[in-house]
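Coordinates in review
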Amino acid sequence: MKKFINIAFIYALSAMAAGVFFREATRMLNYTDRTYLSLAHGHLFMLGTLFFLVVALLSKFIDFAETSSFRKAFVVYNIGLVWTVVLFLVHGWMQLQGMEVGAMIAGIAGLGHILWGIGLVWILNLIRSRA
């Protein structure tokens, strides 16, 4: 349980940093349009912090967190979420710089979403099967 709370804390700090970066970068560059930088903040808070706080709570009552399958799903989930957020930051920074953002960036971010989605379904299925 403590491991999940620590991970939630790391995601919360990352979300706050992403939010500050989004706010300050757009303000300093006088950028007023929508940007992908704003998505990083929300994804980190909801899918990182909130999700792992819920997992921590559930792990107190349901024995699922010590299985090898959960450890694999946990890695897939985190890789997918971090991958997605990093691509949001790259995409958003390119927008701020006025660079042309092609479909490649969105496609690579989409792979992160796919990994994250696989990890999410895998974790939820493990919890469901142990409940």
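Whatever comes next refers back to the structure up there.
Attention in this report is confined to the structure presented alongside it. Worth saying up front: this structure is predicted, and the values here are computed from it rather than measured.

Looking now at the pattern of salt bridges. Using the criterion set out here, one finds one salt bridge in the structure. Measuring nitrogen to oxygen at the nearest pair gives 2.4 Å for the salt bridge that ties E24 to R27. Of this pair, E24 and R27 both sit in helix α1 (residues 2-28), separated by three residues, roughly a single helical turn. Owing to a relative accessible area of 30%, E24 belongs among the partly exposed residues under this scheme.

Let us now look at the packing of helix α3 (residues 68-96) against helix α4 (residues 103-130). The contact between α3 and α4 brings their axes to 7 Å, and the two run at 155°. In terms of orientation, α3 and α4 fall into the roughly antiparallel class. In the packing of α3 onto α4, the handedness of the crossing is left-handed. Among the residues forming the contact of α3 with α4, the class breakdown is 23 nonpolar, seven polar and one charged.

It is worth spelling out the packing of aromatic side chains at this point. Under the criterion given, the structure shown has 13 aromatic pairs. Centroid distance F4 to F70: 5.6 Å. Interplanar angle 90°. Geometry classified as edge-to-face. Here the residue F4 occupies a position in helix α1, and F70 occupies one in helix α3, the gap between them amounting to 66 residues. Each member of the pair, F4 together with F70, is buried.

Looking now at unusual backbone geometry. The backbone of N30 shows a phi angle near 55°, a positive value even though the residue is not glycine. If you trace the backbone, N30 turns up in the loop between α1 and α2 (37-61).

About the criteria used
Residues numbered from 1 in each chain as written. Predicted model: local features only at pLDDT ≥ 70, side-chain atom pairs only at ≥ 80, totals over all residues. Heavy atoms only, no water. Salt bridge = Lys/Arg side-chain N within 4 Å of Asp/Glu carboxyl O. Helix = DSSP H or I, 4+ residues; strand = E, 2+ residues; numbered from the N terminus. Buried < 20%, exposed > 50% of the residue type's maximum accessible area, 1.4 Å probe, protein only. Axes fitted to C-alpha atoms, helices over the stretch in contact; angles between N-to-C directions. Parallel < 35°, antiparallel > 145°, perpendicular 65-115°, else oblique. Left-handed = near helix turned anticlockwise from the far one by under 90°. Nonpolar A, V, L, I, M, F, W, Y, C, P; charged D, E, K, R; others polar. Phe/Tyr/Trp six-rings, centres within 6.5 Å; stacked < 30°, edge-to-face > 60°.

Coordinates in, geometry out; function isn't part of it.
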